[in-house]
Structure formats: C-alpha cells, structure tokens
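So the chains spell out like this:
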Amino acid sequence: MVEKVPSQHLARTVAVIGNPNTGKSTLFSALTGVHSRIGNYPGVTVEKKLGWFEFEGQSVRLVDLPGTYSLSPRSIDEMVSVDVLLGRQPDVGPIDAVVCITDASNLERNLYVVSQVLDLGLPTVLVLNMWDVAVDRGIQIDPVELARRLEIAVIPCEAHRRRQLDEVRRGIIQACQLPQRTPPDLFPQTFHEEARQLQTAFQQFGNQNLPIYLIERLLLDVGGQLETALTKPNPAELLTRLKAARERLATAGCRVPGIEAKLRYGWIKQLMQGVMTVPDKRPATVTDTLDRWLTHKFWGLLAFCLTMFLVFQSISTVAEPLMKFFEVGQKQVGGWVGSLLAPGPLRSLIVDGVIAGVGGILVFLPQICLLFLFIALLEDCGYMARAAFLMDKLMTKVGLSGKSFVPLMSSFACAIPGIMATRTIENRRDRMVTILIAPLMSCSARAPVYWLMVAAFFPTVSWAGGWVTLHAIMMFVMTFFGAVVAIPIAWLLKKTLFKSETPPFVMELPAYKWPSPGIVLHRVFDRASAFVLRAGTLILATSILIWSASYFPSDHRAEQQVLVQIQQAEDQFSSQLEQKSQLRSRRELLLEDQPVPVQSAAESSAPIEALAAQLAELDAQLAELDTQLQPLHELFETRNQISERLLADSYLGRFGKWIEPVVKPLGWDWRIGVGVLASFPAREVIVATLGTIYSLGGDVDENSQGLQSALKSATWPDGRPVYSIPVAMSIMVFFALCAQCASTLMVIRRETNHWGWALFTFVYMTLLAYIGAWIAFNATGWLMTFSGNS
Amino acid sequence: MRFLRKVARMSSAISQTLPLELLATGEQGTVIEVDGDPNLVIRLEEIGLHSGVVVRMIQPGSPCILEINHQRYSFRFDESTQVFVDLTP
C-alpha cells in the first residue's frame, strides 16, 4: 500500500476541503482507492492525508484538508489548511486547484466555506455530494445555472454509492488546466484599503511576502491564530495598528468579525435565488424516529449503557474462543521452535523471550480489532454525536461540556488520538482538563491485562441463557472504572488549576447513516497495524531486556541437563503423552456437551448418570497413564525447582526481591512487581513480561498452555497461590489508573507545550493507581472473607 | 422556565420575538439576532445559525436540539449569548 506519491512536478496538486459530515473521507477514498498515505505536517500534529489517482493520462495528487466550517484560522488544523491553500506549506507545494465538497441537502450553510475558498482565486470544483439525500428531501438544485453564476464546475455526486466519480475526476483534471480566477468581491472598498495599509505596515517590519488574503483574514478574525503567528516581528506595534484598523472599520459600518457572516450569507442568498427550491413540507425521516429514542432523557441513556454493554459482551463472546486458539498456536510454535534448537541461551531467548513475550501480547489481536471495529462503527454511523449530546448534562456537572466527550470516548481505543482530538475544544482550560483526564479512559492496551486476569481468575458463570456472562460484566466494569474515577478528578481540576465557567456547547448531529465498510475497515487496519508494530518493536525490545535480566548471571548448565532429559523422556513416552492428550480432550468435550441440568424433569437424570460413568472411566485411564508418566513428572518437578532458584538468583530476581516490600501491600509478589515496573513505557508489556518470567521460572508442566495456566499455578514460597481474586482486582485497578504509556506522556507534552503537564499526569495517575490498588486488594479480600463466613 | 415561556407568550401577542430557548418541541421561527461574545457569535454563524434562517426546536432543554435546513445541532448557550427568533405560526 505504501507506494511513491507521484512527484510534484509530474502531477497536479489539488486540495480537498469541506464541512465535517459531508462525506469528504468517503469521496476521498472513492477517488483515490488504495493510493493514499497518512502522515503529519512537519512540526505540528495535524494529520496530513495524501492520495493520488490517474485519469485520462493525467495524474493528480489530492491533499485532504481537515473538515472545517470556515477558513478563519482559530485552531492549528485550520491554520495548516489555510497555509496549504496559499501554497505556503513547503512539503505540499503550490496548489493547482481546489475541490470543495458540500452536502447538497444543506447547501446554503456549506457554501460559507466555499465563498471563503473562492476568495483565493484558485480554479475550483464544487462537488454537490449526497445528491440522493437532497432528492429524497424534495430539494431541487439546478447545477448548470449554479455553475454559470459561480463560473466554476459544479458536479452532483453520490460518493457512498460510487456514482458520478468519473465526472468528478474529469472536473478536477479540467480545473487544473484553468488559469487563476478573479474572486467575487464581497467586501466594501474601505475594508480593502485597510488591508492594503496593514500590508504596508507589515512590510516595514520586515514581513515582506504576506499575501493580501492573510492580511484580510487577520483583520477579520478577532483573537484568531494569525494574531500571534503574523505579528511576531513587533507584536506591540502591529497589534495596536490592527486594533486601530478594526476600530476605523467599525465606525465605517463594517464591524468585524460580524460583517463577514453577514456579507457571505447575503451573497449566498442572492446566489441561490432561483437555483434551489426547498419544499415547505418537511418529510419525516429515519433520523427523526431514531433521535426521538436515542436522545431521550431516560431511554437515550439506557440505550447508551446497553450499547456499551453489548459491545463488551460481544467482544468477550467472539474473542475468547479465538484467544484460546491463538494461545494453543503460540504454545505449538514455541514447542516446534524449541525442538529445533538445542537447550541453551539462544533457545531460551527465542522460546521464553520472544515467543512467550511478544506472542503473549499478539494473542490479543482479535479483541483489539473488534474493539476498534465497534468504535469505528459507532463513529461512522453518527451515534457518537448523540452520545456527546447525552453526556453534556453529566459533563456540565464537572464543569466540562459535551465537546470533551468525543475525545474521551476515542481515548477508549487509545489516548493518543483522543488527546489530539481535544483540539476541537476551543476553551483552553477545558481542553487542558480533558487532556489530563484522557489517559484515565480505559485504552485498548489495558484490555489484555483485564482479559488475562478475568479469564484466569473469575469463574465462568452466565445468565439469561448464556447471553450475559460474568466475564463480560467484569470487563465492562473495569473498562468504565477509569472513567468513573475521572469524574472527581475533572471536577477537582476545574475547581482548582483550571477555574473557569462551563463553556457553551455547539455541535452538529449528523443524520444517521449506514457505516461505510471501506472507512471502518481502514480505521481498524490502521490501529491494528500500529498495535502489531508496537509489539514488534517496543515490546520485543522490552521482552529481550527482561529475558536477559532474568537469565543472567546464573549458571544454567544444570537446568539444561534436565531439559535434555525431559526431551528424551518425552520421546520415550511419546505414545503415552499422545494418549493422554487425546483422553483429556475427550474429557473436555464430554463436559462441554453436558446438557443443562433440569431439576424437575426426572428423565434427564439418566443421561447425566451415563455421563458420570464415562467421566469416571476416563479419569481412571488418565490416572493409570499418570503413574506411567511418573518419571517425566519428576523431571518437570526438578526443572521447576531449578528454574525457580535460577530466576530468584538472576539480576531481575534480585531487583524484584529488593522492591518486593513496596508492592507487597498490594498483594503482589516480586514477579508482578517487576512486571509492572517494566510496563511503565507501555502497559501491555506486562503480559509479555509475565509471559517471559513464567516461561523461564518454572511452574510449567506438559499440560501448560500459555500464560493463564501459569498464573493459576504460581505460588508463594510457602505454597499459597500468588493469584487470587483480590490480587487480580488489585492488578486490574492499578492498570486502570496508572499512566503507563510513554507515548501518551509525549503527546501530552507536545499538545500542552510543557513537560510539566506530562510529569503532573504521570505523578497523579501513579499515586492514584497505588492507592486504588491497595484499596481494591484489601476491600475485595475483606468482602470475600465476609461472604465466605456468612 | 415554564413561567418564562408564559410571560414570553403573553408579550408575543405584541411582538412575535422571543428567545430561542423558549421554543417548544416542534415550534419553529426565523432567527432575528444572535447576540453575545463576538467570537462565539461568528462561530454560530459559520455553522449556520445566523439571522434569517428558520430554526425548529426538536428537543428543548439544556442542551437543546435544533434543526436548521434539516440539519440537527445540539446547543447549550452561556448566559451572555442570546438568540432571538420570530415565531412562525
């Protein structure tokens, strides 16, 4: 998919701009197919999306600009868009033409940004997307007349049905051949004069090459990005002149910023007269019906909770068997690689370090994909905006607005895009609070920890005919735990460090639509490959580091001898081992097929008795085999003892023992402590680290399949099991609250422009995690003894 | 809130103008004026809430849901922002 974008000189460069929710991404991917690449503009975190296509022998580079209602640069995103359009973005180069994408069913509002684009004088193509929606609503538009009045190409299009795409492509190619246009002049003469005077002032202070377009925008946008960006040479003097110019304009009856909307909407009204007819009667739509329920004070909230629960229930239903399958696969690969290599450091590195470590985390790929799939579906069908609307009421209670909800919701997939999405929040204090609590939302990297703990230590109980399981409930609770803790934190931050009024809330609620498979799958693919990449780099490196720390400096010769003996014994007993695994799988099958006991029905007892008899017979055969396999068991026992000692003597073991007093109050042994410490750069490392530690440190026999069973059989030196429900809870709560992600902290630094906030986030979350885990451990322990006694 | 609406209705016999948040479900009106912090006002205007457009109240409250040209928006204004509409019977 990574092909070379045709170079600037061979291809024409065309910028794509439009309001949010106009199907811009759909059209972009329909035009370019797989030929697209996502990156960042240098120096800023604005996403740069490039694509290209060839049509009738001409190749075109498309630059997708972030969706916007206006070109007045109030955020970094909008600033980059303006720079690209003016050809001031060096890595994009000059722009040959602009494609404006509009929603035909809501054309007047969409034309606002179009009128700002037309002021640039670039050859422009106007795409009336969602033409079918407009037709359904009885809206009639005459594109030919509109094109004549605007003197640009106007092309109706249905991007989601891939209709009229060639017309759009042809329109773009033709526009590229056209010369610069004379922009329609909406502003009075005094405005242009003030702009020219200001341009001269800027030239005096050494800012020679400012296009008049930027000066005009500077005049119009009170408090915008340009005020700080352009006045750098001499802020005091230039700002005074700017203010004076605005005051002169106001006395001349041209008050900024209000004048712009007035003039542009006046122009649009005139333009559309006789071009568009809208029926008086408003037809009822599916969105009406859906919104009546989904935004309802009570039913809406219920639907939200239900949706969230269904997401987690289906992830756990679909993914648990898949995860088992992957774990068996991982074990087999480990065994296969192990059989190829002689016992020694290399085999240990590959089997215990790489396969048990990195493989342990890759097992969770199906769940991660499903989680991203659901979030992408909810975003693309239009539900996310409704959720933000419902949440605004709750958010105002802590002093935030519904605007903060969308970044927080996407932080459930990953805090990094979540924190970057806070740029849509205009209020700085609100944005800061949202950034600081975003890492508390349960991201996908926490999920493996929860899945591992829940699957290993919570009983498989289900209700409602298997539709609701305890595992899914626990996953649901853990996932929202961080969000619940975030409420008082946000309230506290808004009361202390970021004291301000609750800001107003304005948000578009797009009409519901079927999610577009292309866009959804693309997003899932992007996130999944990022996850695999992380497993292949950061987690691989940490796994190897952890492996070396736990392998050295001890002498492994005795262990290797035992391993050789085990291999010989396994060859010797191979028929018995095979028989045993067959018997075990038959036993499991029997148990799974067992019908649900119905107490009232007397006839059901007969099959149950038959089953019991079969089971007893199998168990007897298994016991017989086990006596035959006794020498092998003894060898495993010896290996485990040696490994245990070797691990305890390793660098990691010594370090672990040293920190054990700190983690003991949380119910953890030194291995968990080391695992948690190693996972500060990236939290999912814990799974890999535990995988390596348990693979090296014994606690395995020939039945061990993956990390789950290793955790279940881990013991303290006195023989008590290490893991119990309180320990699992303590680990989960710690991971829910701790800031264990270096990338998130880097993004916080970049977005807040200060290391201090990254440090602040790290300290407050780690403290919170330690206290939370201590409470969780003791409270669950107390609850369990209490319920056990009563 | 209900009292305010009643008062506004009584005065609406004289002028048809009332604050936007007093529209009831399904009522619609033409925006006369958007008043408040200039930066918020221009943003409201950019997304389509400007004088002359017809707004329809879908769900009153705070935040409310409004419809402008079939497009739905969710709004919650602060105290300083006022939108006045002319009620369309």
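Report follows, based on the coordinates.

### Overview of a nonpolar patch on the surface
Residue and element names in this part refer to chain A.
Point 1. A surface patch of nonpolar side chains, about 600 Å² in accessible area, is lined by Leu 759, Val 763, Leu 767, Ile 771, Trp 774 and Ile 775.
Point 2. Position of Val 763 among the secondary structure elements: in helix α33 (residues 755-789).
Point 3. Judged by relative accessible area, Val 763 falls into the partly exposed class, the value being 41%.

### Thoughts on empty space enclosed by the protein
All names here are of chain A.
Point 1. In the structure shown here, the tally under the stated rule is six cavities of 30 Å³ or more.
Point 2. Considering only enclosed or pocket space, the largest cavity measures out at about 80 Å³ in volume.
Point 3. Every residue along the wall of the largest cavity is listed here: Met 308, Val 311, Phe 312, Leu 371, Ile 375, Leu 378, Met 409, Phe 412 and Phe 480.
Point 4. For the lining of the largest cavity, the secondary-structure elements that each account for two or more residues are α13 (299-340) and α15 (365-381).
Point 5. Of the residues contributing to the lining of the largest cavity, the split by class is nine nonpolar, no polar and no charged.
Point 6. Taken as a whole, the second largest cavity encloses approximately 60 Å³ of empty space.
Point 7. Residue lining of the second largest cavity: Phe 312, Leu 371, Phe 412, Ser 442, Cys 443, Ala 447, Tyr 450, Trp 451, Met 475 and Thr 479, and that is the complete set.
Point 8. Among the secondary structure elements, those contributing two or more residues to the lining of the second largest cavity are α20 (447-457) and α21 (470-495).

### What about the interface of chain B and chain A?
Point 1. Counting from both sides, the interface comprises 30 residues of chain B and, opposite them, 41 residues of chain A.
Point 2. Together, the buried faces of chain B and chain A total about 3100 Å²; carbon and sulfur atoms form 51% of this surface.
Point 3. The largest per-residue losses of area from chain B upon contact with chain A belong to Glu 46, His 70 and Arg 76 of chain B, which jointly make up 25% of the total buried on that side.
Point 4. Counting across the chain B and chain A interface gives three salt bridges.

### Details of the nonpolar core
Residues and elements named next belong to chain A.
Point 1. Counting residues in hydrophobic clusters, the biggest one holds 123 residues, and the most contacted among them are Tyr 723 and Phe 734.
Point 2. Of the residues forming this core, the biggest block, 11 residues, is contributed by α21.
Point 3. When residues no more than four places from it in sequence are discounted, the contact partners of Tyr 723 are Met 453, Phe 457, Ile 672, Leu 690, Tyr 694, Leu 711, Ala 714 and Ile 731.

### Focus: the packing of helix α5 (residues 143-150) of chain A against helix α11 (residues 258-272) of chain A
All names here are of chain A.
Point 1. Put simply, α5 and α11 touch, their axes get as near as 10 Å, and they point 130° apart. Looking at the two axes, α5 sits oblique to α11. Here Leu 146, Arg 149 and Leu 150 of α5 come into contact with α11, specifically with Trp 267, Gln 270, Leu 271 and Met 272.
Point 2. Partitioning the contact of α5 with α11 into residue classes produces five nonpolar, one polar and one charged.

### Details of the packing of α21 of chain A against helix α31 (residues 725-737) of chain A
All names here are of chain A.
Point 1. The contact between α21 and α31 brings their axes to 9 Å, and the two run at 45°. As the angle between them shows, α21 and α31 are arranged oblique. For the crossing formed where α21 meets α31, the hand is right-handed. Residues Met 474, Met 478, Phe 481, Gly 482 and Val 485 of α21 form the contact with α31, whose participating residues are Met 729, Met 732, Val 733, Ala 736 and Leu 737.
Point 2. Grouping the constituent residues of the contact of α21 with α31 by class yields nine nonpolar, one polar and no charged.

Cut-offs and rules
- Residues numbered from 1 in each chain as written.
- Chains lettered and ligands numbered in written order.
- Predicted model: local features only at pLDDT ≥ 70, side-chain atom pairs only at ≥ 80, totals over all residues.
- Heavy atoms only, no water.
- Patch = residues over 30% accessible without salt bridge, like charges linked within 9 Å, V, L, I, M, F, W, Y side chains within 5 Å.
- Areas by Shrake-Rupley, 256 points an atom, 1.4 Å probe, with all protein chains shown as cover.
- Salt bridge = Lys/Arg side-chain N within 4 Å of Asp/Glu carboxyl O.
- Helix = DSSP H or I, 4+ residues; strand = E, 2+ residues; numbered from the N terminus.
- Buried < 20%, exposed > 50% of the residue type's maximum accessible area, 1.4 Å probe, protein only.
- 1 Å grid on protein atoms, 1.4 Å probe; cavity = no way out; pocket = protein on both sides within 12 Å on 5 of 7 lines; lining within 4 Å.
- Points joined across faces, edges and corners; volume = space filled by probe spheres on them.
- Nonpolar A, V, L, I, M, F, W, Y, C, P; charged D, E, K, R; others polar.
- Contact = heavy atoms within 4.5 Å.
- Buried area = accessible area lost by both parts, 1.4 Å probe.
- Core = buried A, V, L, I, M, F, W, Y, C linked by side-chain atoms within 4.5 Å.
- Axes fitted to C-alpha atoms, helices over the stretch in contact; angles between N-to-C directions.
- Parallel < 35°, antiparallel > 145°, perpendicular 65-115°, else oblique.
- Left-handed = near helix turned anticlockwise from the far one by under 90°.

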